[in-house]
Amino acid sequence: MPLGPGLRAALGLVVVGAPVVWAVVGLLPPRWTSAALLAALAVAAWAFGRCVDARIAELHGVLRRLADGDFTARAPSIGGGLGREVNRLAARAATAVEGLSRDKAQLSAVLDQMTEAVVAVDAEGRVLLVNPALSRLLAVDEAQARGRRYVESLRHNGIAELLGSVLRERREMAHEVRLFSPDERIFEGHAAPLIQDGRPCGALLVLHDITRQRRLEQVRRDFVANVGHELRTPLASIRGFAETLREGAVDDKENRIEFLRTIEEHADRLTKLVDDLLDLSAIESGHRAPRLEPTDLAALLAGSSRSFAPMAVARGVTLKVVAAPDLPKVSADGDQLRQVLANLLDNAIKHTDSQGHVDICAEPWHGGVRVTVSDTGSGIPADDLPRVFERFYRVDKARSREAGGTGLGLSIVKHLVEAHGGEVSVESRRPGGSAFRFTLRAA
Ligand code: ADP
């Protein structure tokens, strides 16, 4: 074992002092010999004791630093390997603490990054941790919540009930949790007991946001219900007229052609509905991505206007195109753009009375082009405006059906324009007419 400088000095004193003492002892009368020897030994023992005291005081200081968490402290060498054992202990403690700190840092990084809200409580219901997602969700301060009972600090009945049940019943549970501010949000709450050494010591709750999923389910349910409803009307008519014909009207020369024409009309409606549904589904699922090409918009608008001229004339509506002379070419899929214009023009002419006007106007807009299809027709009430681009949304249901509308036209318009990277909007007054606008990027 290596000796410290103090210890070495004390031993040196004894080793070097002994011959001197002997020499002195040889010169002294014999009765003084034992006394001198004892005195020399006492001096050596005193020096040695002082030395050991200093080592122990040093060791004490090191132990205190270790206890305070300073694992860089190292003990001096002391006989019997005590210092070495203390140092080994310190090194192992340092490694263990380092490992724990690393684990803790990793855990908090995971909790911080989680989109799910997490809260852990102890067996008495005191909050052990809440992650940032939960802090944001419930507007609670992490530091303030910690150590307080969840009933007071989280202040949410659904969450409190779930945590309470898990603490009581000591088994995993899942429940839907709803939050209402500012908007309604739906969460799947999953709670499980925390187990330590085989015994439950608290509970952990994870909230997973399923709002979007629930809304999509609702949209799907509404969609199926809407499609069913839309199909039922023409099918019922077709069936009714077919029955009438079978039960004798087939011999009614005056009316049978009219009945057959009505059946045809409803069959056309069904075909249009199915076509629109297939279109919408193809666009939404990305199977009809636009094939973008530099397109001469003025020429395309003129073409669309020509196709709708007969309808406009039949309804006594004046149809006009105004394209700015400095229009850049736009990046568009010609067929899809024609479909957008067809839906907007069909609506505009349908909702405008005789003597009215429908104008198609194109102008440069933020480096691209903005197209406006405006009419002097019936207009759309302000309450309905935000919903007209929804599937199957109709302002005047009976009139729209009567006019052969499927309620899908504007929804298709919105999807097609957005697939082109543009935006649609509507402005309307009732009475006063409507203006549907969409933007396109320059080629
Ligand atoms: P539809 O097939 O019924 O026309 P759309 O999706 O094209 O369905 O339009 C949705 C609803 O918006 C229509 O039912 C109609 O009530 C209203 N609408 C659309 N365009 C106009 C317009 N130019 N003037 C007045 N109402 C309109």
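The structure we're discussing is the one just above.
Below: a short report on this structure. Keep in mind that what you see is a predicted model, and the values were worked out from it rather than measured. (Residues numbered from 1 in each chain as written. Predicted model: local features only at pLDDT ≥ 70, side-chain atom pairs only at ≥ 80, totals over all residues. Heavy atoms only, no water.)

**Some thoughts on the sheet that holds strand β1 (residues 117–122)**
Pairing is antiparallel in the open sheet, where five strands are placed in the order β2-β1-β5-β4-β3. The sheet is open, and its two edges are formed by β2 (127–130) and β3 (173–179), each paired on a single side. With strand direction ignored, the average angle separating the axes of adjacent strands in the sheet is 20°. Two elements, β1 and β2, share three bridges in a ladder whose sense is antiparallel. Bridged to alanine 120 within β2 is leucine 129. With respect to the sheet, helix α7 (residues 157–169) is in contact with β1, β3, β4 (185–196) and β5 (199–209), its orientation differing from that of β5 by roughly 150°. (Pairing = 2+ DSSP bridges. Helix = DSSP H or I, 4+ residues; strand = E, 2+ residues; numbered from the N terminus. Axes fitted to C-alpha atoms, helices over the stretch in contact; angles between N-to-C directions. Contact = heavy atoms within 4.5 Å.)

**With respect to the site of the ligand**
Neighbouring residues of the ligand: 22 residues in total, closest Asn347, Asp375, Ser400, Thr406 and Leu410. Note that an oxygen atom of the ligand is positioned 3.0 Å from one of the backbone N or O atoms of valine 395. A distance of 2.9 Å separates an oxygen atom of the ligand from a polar atom in the backbone of glycine 407. Burial of the ligand by the protein chains amounts to 96% of its free accessible area of 530 Å². Counting atoms within 2 Å of the grid points, the majority share of the ligand lands in the largest pocket. Elements that contribute at least two residues to the shell around the ligand include exactly α11 (334–350), α13 (409–419) and β12 (433–440). In terms of residue count, the dominant contributor to the shell around the ligand is α11 (three residues). A breakdown of the residues in the shell around the ligand according to their chemical character gives eight nonpolar, ten polar and four charged. (Near = heavy atom within 4 Å. Polar contact = N/O pair within 3.5 Å; in protein donor to acceptor, adjacent residues only side chain to side chain. Areas by Shrake-Rupley, 256 points an atom, 1.4 Å probe, with all protein chains shown as cover. 1 Å grid on protein atoms, 1.4 Å probe; cavity = no way out; pocket = protein on both sides within 12 Å on 5 of 7 lines; lining within 4 Å. Sits in = over half its atoms within 2 Å of the grid points. Nonpolar A, V, L, I, M, F, W, Y, C, P; charged D, E, K, R; others polar.)

**So, the nonpolar core**
One finds Leu297, Val371 and Phe438 to be the most contacted residues of the largest nonpolar core, which totals 45 residues. Considering every element that reaches this core, the biggest residue donor is α11, with seven residues. Excluding its chain neighbours within four sequence positions, the residues that come into contact with leucine 297 are Leu327, Val330, Leu337, Ala362, Val369, Val371 and Leu440. (Core = buried A, V, L, I, M, F, W, Y, C linked by side-chain atoms within 4.5 Å. Buried < 20%, exposed > 50% of the residue type's maximum accessible area, 1.4 Å probe, protein only.)

**Brief notes about the packing of aromatic side chains**
Inspection of the entire model under this criterion finds three aromatic pairs. With 5.8 Å between their ring centres and 40° between their planes, phenylalanine 223 and phenylalanine 392 make a pair best called tilted. You can see phenylalanine 223 sitting in helix α8 (residues 211–246) and its partner phenylalanine 392 sitting in the loop between β10 (368–375) and α12 (397–402), a full 169 residues away along the chain. A relative accessible area of 9% means that phenylalanine 392 is categorised as buried. Taking the centre distance of 6.1 Å and the plane angle of 85° together, the rings of phenylalanine 389 and phenylalanine 436 count as edge-to-face. Residue phenylalanine 389 is located in the loop between β10 and α12, and its partner phenylalanine 436 is located in strand β12; the two are separated by 47 residues in the primary sequence. Residues phenylalanine 389 and phenylalanine 436 agree in their burial class; the two are buried. Positioned above the aromatic ring of tryptophan 365 is the side chain of arginine 370, whose terminal nitrogen or guanidinium carbon lies 3.9 Å from the ring centre. (Phe/Tyr/Trp six-rings, centres within 6.5 Å; stacked < 30°, edge-to-face > 60°. Lys NZ or Arg CZ within 6 Å of the ring centre and 35° of its normal.)

**Things to note about the sheet that holds β10**
Pairing between sheet strands relies on hydrogen bonds along the backbone, with the strands arranged either parallel or antiparallel. Taken in spatial order, the five strands make up an open sheet running β7-β9-β10-β12-β11, and their pairing is mixed. Strands at the two margins of the open sheet, each flanked by one partner only, are β7 (318–323) and β11 (424–429). Put simply, the sheet's adjacent strands are angled 15° from each other on average, direction ignored. Pairing of β11 with β12, which is carried by six bridges, proceeds in the antiparallel orientation. In the strand pairing of β12, glutamate 427 is matched with alanine 435. Contacting β7, β9 (357–365), β10 and β12, helix α10 (residues 297–315) runs over the sheet at an angle of about 175° to β7.

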